[in-house]
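Notes for the structure review
One letter stands for each residue in the lines below.
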Amino acid sequence: MDYGELSYNEIIRKKKVMDLASYFYLSDDLINELYTFLLTFPSAAILCGRANMTLFNGNENVKTITVQPKNYTFDAIRVTNTLFSVTPHYTPTTRAYGGGRSSGGSSWSSGGGSSNNNNNNNNNNNNNNR
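Read on for an overview of the structure. Along each chain, residue indices are assigned from 1 in the same order as the chain's sequence is written. Per-residue local features of the predicted model are confined to residues with pLDDT of at least 70, and side-chain atom pairs are confined, for both listing and counting, to 80 or more; whole-chain, interface and lining totals are unaffected and use all residues. Only heavy atoms go into the side-chain values, all of them from the structure, while hydrogens and water stay out.

Working definition: rings of Phe, Tyr and Trp (its six-membered ring) pair if their centres are within 6.5 Å, and the pair is stacked with planes under 30 degrees apart, edge-to-face with planes over 60 apart, and tilted otherwise. Applying the stated criterion to the full structure yields three aromatic pairs. A centroid spacing of 5.4 Å and a plane angle of 70° characterise the contact between Phe 24 and Phe 74, whose relative ring orientation is edge-to-face. On the criterion of sequence distance, the pair formed by Phe 24 in strand β1 (residues 24-25) and Phe 74 in strand β6 (residues 74-80) is long-range, its members being 50 residues apart. Every member of this aromatic cluster is reached through a ring pair, and the members are Tyr 23, Phe 24 and Phe 74. The secondary structure listing takes helices from DSSP runs of H or I that are at least 4 residues long and strands from runs of E that are at least 2 residues long, numbered from the N terminus.

What follows is the structure in structure tokens.
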């Protein structure tokens with residue numbers, strides 16, 4: 001892809017499109033189309049999910065393109081002439097806290113939840129005051 005002599009803004013725009021290629025399998029034709037789209041419309045935006053790219057000119061949906069991701073480390077990507085933003089993929093983990101006792105040396109245990117501890121302390125205080 002020979003773009004000739006580029007201005008600073010054109011180089012940055014080209015880099016943003018090339019950065020998209022690290023998240024998706026993109027043909028040279030599609031890379032050129034995305035670059036030209038950003039170049040043509042000052043209010044252009046490319047919004048990417050994991051399986052598609054939607055090209056917007058302002059609020060107008062110009063085109064949606066089906067793409068194949070290279071990885072699933074992201075949930076969304078937004079590219080404009082002034083922005084390249086990636087929303088990373090977050091997988092919540094579940095971890096049970098409290099209530100149990102540990103028999104292993106490396107396992108974590110609270111020895112009881114704080115609610116149980118408060119109830120036990122209140123019961124002990126009431127028994128001592130009688």
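Text resumes after the structure shown.
The subject of this paragraph is the environment of Leu 26. If you trace the backbone, Leu 26 turns up in the loop between β1 and α2 (28-40). Relative accessibility decides the category of a residue: with a 1.4 Å probe and only protein chains considered, values under 20% of the type maximum give buried, values over 50% give exposed, and everything between is partly exposed. Of the residues examined, Leu 26 reaches a relative accessible area of 15% and is grouped as buried. For the pair Leu 26 and Gln 68, spaced 42 residues apart in sequence, the C-alpha to C-alpha distance is 8.1 Å.

Lines fitted to C-alpha atoms define the axes here, with helix axes fitted over just the stretch in contact, and angles between the N-to-C directions of these axes take values from 0 to 180 degrees. The contact between helix α1 (residues 8-20) and α2 brings their axes to 10 Å, and the two run at 140°. In terms of orientation, α1 lies oblique with respect to α2. The element α1 and its partner α2 pack so that their crossing is right-handed. Two secondary-structure elements touch here, α1 through Glu 10, Arg 13, Lys 14, Val 17, Met 18 and Leu 20 and α2 through Ile 31, Leu 34, Tyr 35, Leu 38 and Leu 39. Of the residues belonging to the contact of α1 with α2, the class tally is eight nonpolar, no polar and three charged. Any angle between 65 and 115 degrees counts as roughly perpendicular, while under 35 counts as roughly parallel, over 145 as roughly antiparallel, and the rest as oblique. Two helices crossing with the near one rotated counterclockwise from the far one by less than a right angle form a left-handed crossing, whereas a clockwise rotation gives a right-handed crossing. Note on contacts: a residue pair qualifies if any of its non-hydrogen atoms lie within 4.5 Å across the two residues. Gly is put with the polar residues, along with every residue not named as nonpolar or charged; the nonpolar set is Ala, Val, Leu, Ile, Met, Phe, Trp, Tyr, Cys and Pro, and the charged set is Asp, Glu, Lys and Arg.

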